[in-house]
Amino acid sequence: ALTYIIRCTSPFISGSLLHTHFTHTHTKNKFNTPMAAATGETQPAKHQEVGHKSLLQSDALYQYILETSVYPREPKPMKELREVTAKHPWNLMTTSADEGQFLNLLLKLINAKNTMEIGVYTGYSLLSTALALPEDGKILALDINRENYEIGLPIIEKAGVAHKIDFREGPALPLLDQMVEDEKCHGSFDFIFVDADKDNYLNYHKRLIDLVKIGGVIGYDNTLWNGSLVAPPDAPLRKYVRYYRDFVLELNKALAVDPRVEICQLPVGDGITLCRRVS
Ligand code: SAM
Ligand code: CA
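Residues numbered from 1 in each chain as written. Chains lettered and ligands numbered in written order. Predicted model: local features only at pLDDT ≥ 70, side-chain atom pairs only at ≥ 80, totals over all residues. Heavy atoms only, no water.

J.: Go over the packing of aromatic side chains with me, naming the residues and quoting the values.
T.: The way to describe two aromatic rings as a pair is by their centre distance and the angle between their planes. Across all of its chains, the model carries six aromatic pairs by this definition. On the basis of an interplanar angle of 45° and a centroid distance of 5.6 Å, the ring pair of Tyr-201 and Tyr-220 is categorised as tilted. Here Tyr-220 lies in strand 7 (residues 212–221) and Tyr-201 lies in helix 8 (residues 201–211), a separation of 19 residues in the sequence. Judged by its relative accessible area of 2%, Tyr-201 falls in the buried class. With a centroid separation of 5.8 Å and an interplanar angle of 85°, the aromatic rings of Trp-225 and Tyr-240 are classed as edge-to-face. On the criterion of sequence distance, the pair formed by Trp-225 in the loop between strand 7 and helix 9 (239–256) and Tyr-240 in helix 9 is long-range, its members being 15 residues apart. (Phe/Tyr/Trp six-rings, centres within 6.5 Å; stacked < 30°, edge-to-face > 60°. Helix = DSSP H or I, 4+ residues; strand = E, 2+ residues; numbered from the N terminus. Buried < 20%, exposed > 50% of the residue type's maximum accessible area, 1.4 Å probe, protein only.)

J.: Outline a nonpolar patch on the surface, listing residues and values.
T.: On the surface, a nonpolar cluster with roughly 290 Å² of combined accessible area is contributed by Leu-105, Leu-109 and Ile-110. Look at Ile-110 and you get partly exposed, because its relative accessible area is 31%. (Patch = residues over 30% accessible without salt bridge, like charges linked within 9 Å, V, L, I, M, F, W, Y side chains within 5 Å. Areas by Shrake-Rupley, 256 points an atom, 1.4 Å probe, with all protein chains shown as cover. Salt bridge = Lys/Arg side-chain N within 4 Å of Asp/Glu carboxyl O.)

J.: I'd like to hear about the site of ligand 1, residue by residue, with values.
T.: Near ligand 1 there are 19 residues, and of these Thr-95, Gly-119, Ser-125, Asp-143 and Asp-195 occur at the shortest range. In this structure, a nitrogen atom belonging to ligand 1 sits 3.5 Å away from a main-chain N or O atom of Ile-144. Across the shell around ligand 1, the residue classes tally to nine nonpolar, six polar and four charged. (Near = heavy atom within 4 Å. Polar contact = N/O pair within 3.5 Å; in protein donor to acceptor, adjacent residues only side chain to side chain. Nonpolar A, V, L, I, M, F, W, Y, C, P; charged D, E, K, R; others polar.)

J.: Residue-level account of the coordination of the calcium ion (ligand 2), with values.
T.: With distances of 2.3 to 2.9 Å, the protein atoms coordinating the calcium ion (ligand 2) are Asp-195 (OD), Asp-195 (OD), Asp-221 (OD) and Asn-222 (OD1). Sequence positions of the residues that donate to the calcium ion (ligand 2) give the spacing D-x25-D-N. Here Asp-195 is found in the loop between strand 6 (189–194) and helix 8, whereas its partner Asn-222 is found in the loop between strand 7 and helix 9, with 27 residues between them in sequence. Taking the relative accessible area as the measure of exposure, Asp-195 reaches 13% and is therefore buried. (Donors = N, O, S within 2.8 Å, 3.2 Å for Na, K, Ca; no water.)

J.: Now, about the sheet that holds strand 9 (residues 272–277): what can you tell me, with residues and values included?
T.: In a beta sheet, neighbouring strands pair by backbone hydrogen bonds and run either parallel or antiparallel. Strand order in this open sheet of seven strands is 5-4-3-6-7-9-8, and the pairing throughout is mixed. Each having just a single partner strand, strand 5 (165–169) and strand 8 (261–266) make up the two edges of the open sheet. With strand direction ignored, the average angle separating the axes of adjacent strands in the sheet is 15°. (Pairing = 2+ DSSP bridges. Axes fitted to C-alpha atoms, helices over the stretch in contact; angles between N-to-C directions.)

J.: If you had to explain unusual backbone geometry to someone new, which residues and values would you point to?
T.: At Asn-111, a residue that is not glycine, the phi angle is positive and equals roughly 55°. Asn-111 gets classed as exposed once you look at its relative accessible area, which sits at 65%. Phi is positive for Asn-222, which is not a glycine, with a value near 65°.

Given below as structure tokens:
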């Protein structure tokens, strides 16, 4: 039997831990892990491997990663912004530190210069992007809420990267439509991070596929949607999780068969699906 425990603590979109834990309660043999089998040791059945190895299985393992590989290397301004954001009532919307580190490295690996972000909140992923880009790099940052962006802005300015950011307040879709009408914008973005209203992700995808360059990458965030995608029908999900779940399921299905992109869905943060445009 597979036991699902869905823990959702906020009415907002989670940007950090996956809140689903899988506990395998039947075992093929008395040993829970290959190591246990080798040593003859039996262990509690918690967080046992269930066909995948990932962060999803253990809060303790996730904490270990943060403390070993992420926090000690987190740039000072990002730490400051994370701590300021932690005091904000909607703080579960923020990108987690390990995902911030991932985005920063990814942008350097692909030599990104011209980027877009949809969904800024206080700017943690934006700052991780701005720090990764070269001095003349650009980020078109879109959000319906400027107030939250202004919480992070002084830290972004102090970090000396605000000149890379072009923040536009308002819904993303009409602006994307304008850009799609302008041929000059076609194929102009190296990287686009989408972390806003999940019910519009497919609408974004229809437009972004023209705006990202061939070989460029779109990252769709929260594609594991609090682990709710595999919850049984009677699982006690929060209203907003249940509402957006169908949109995330639709998105995942559509991306999986979209021949214009190569994809990889990573269990970092709440899941990020990277799409590399190939045609
Ligand atoms: N990437 C952010 C970070 O690292 O902290 C988190 C973004 S938060 C999960 C989602 C954001 O999307 C919110 O700030 C919200 O205001 C914004 N948003 C929601 N609907 C939007 C829309 N239609 N257009 C632009 N932004 C939108
Ligand atoms: Ca997110």
